[in-house]
Amino acid sequence: MDLQNTFYTPMTIGDWIITFIITYVPIVGIIMLFVWAFGGNAHPSKKTWAQATLIIFAVFIVLGILFMGIIISMLGAAFSGYSSSY
């Protein structure tokens, strides 16, 4: 008999709805993602989900910074030929 599965209770739909509502609150949601991802009291499913969400956020932030850098450099190159002196 596997004792680990005996004590495991999956999260309910209501638990997930509350979790998503909390994450939609600005600043509080980000803080709670870190608490759930690295805190010891979170449900194992919520912990794994929070860790995956933080990884995805980090990837999108890095891609966004790279994208903005490319756009800014392209605009700088496009307008570098114009002179502001009359």
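Description of the structure in this document. Along each chain, the written sequence defines residue order, and numbers are assigned to residues from 1. Per-residue local features of the predicted model are confined to residues with pLDDT of at least 70, and side-chain atom pairs are confined, for both listing and counting, to 80 or more; whole-chain, interface and lining totals are unaffected and use all residues. Working from all heavy atoms in the structure, the side-chain values ignore hydrogens and water.

### Focus: the overall build of the protein
Now for step 1: Working definition: helices are DSSP H or I runs of at least four residues, strands are E runs of at least two. Numbering for both runs from the N terminus. A tally of helices and strands in the protein yields 4 helices and 0 strands.
Now for step 2: The linear arrangement of helices and strands in the protein, starting from the amino end, is α-α-α-α.
Now for step 3: Within the protein, the fraction of its 86 residues that count as buried is 14%.
Now for step 4: Contacts were defined at the residue level, with two residues in contact if any of their heavy atoms lie within 4.5 Å. At a minimum sequence separation of 6, the contacts of the protein that also span at least 24 residues come to 39%. Working definition: with a 1.4 Å probe on protein chains only, accessible area under 20% of the residue-type maximum means buried, over 50% means exposed, and in between means partly exposed.

### Things to note about the packing of helix 2 (residues 13–23) against helix 3 (residues 28–38)
Now for step 1: At their nearest, the axes of helix 2 and helix 3 sit 7 Å apart, and the two run at 125 degrees to each other. Relative to helix 3, the element helix 2 is oriented oblique. On helix 3, the residues that touch T19, I22 and T23 of helix 2 are V28, G29, M32, L33 and W36.
Now for step 2: Each residue gets one label: Ala, Val, Leu, Ile, Met, Phe, Trp, Tyr, Cys and Pro are nonpolar, Asp, Glu, Lys and Arg are charged, and the others, such as Gly, are polar. Its residues assigned to classes, the contact of helix 2 with helix 3 comprises 5 nonpolar, 3 polar and no charged. For helices, the axis comes from a line fit to the C-alpha atoms of the stretch in contact; other axes are also lines fit to C-alpha atoms, and the angle between any two N-to-C directions lies between 0 and 180 degrees. In what follows, roughly perpendicular refers to angles from 65 to 115 degrees, roughly parallel to angles under 35, roughly antiparallel to angles over 145, and oblique to any angle outside these ranges.

### Details of the packing of aromatic side chains
Now for step 1: Any Phe, Tyr or Trp ring, taking Trp's six-membered ring, that has another such ring centre within 6.5 Å forms a pair; planes under 30 degrees apart are called stacked, those over 60 apart edge-to-face, and the others tilted. Following the criterion strictly, the structure yields 4 aromatic pairs and no others.
Now for step 2: Members of the aromatic cluster, each reached through a chain of ring pairs, are W16, F20 and W49.

### A word on helix 4 (residues 44–78)
Now for step 1: The span you would expect from a helix comes to 1.5 Å times its residue count less one. Over its 35 residues, helix 4 extends 51 Å from the first C-alpha to the last, a length consistent with the 51 Å expected when each residue adds 1.5 Å.
Now for step 2: Of all the residues in helix 4, the buried ones are K46, A50, T53 and L54.
Now for step 3: On its buried side, helix 4 packs onto helix 2 and helix 3.

### A look at unusual backbone geometry
Now for step 1: Of note in the backbone geometry, I27 takes a positive phi value of approximately 65 degrees without being a glycine.
Now for step 2: Classification of I27 as exposed rests on a relative accessible area of 61%.

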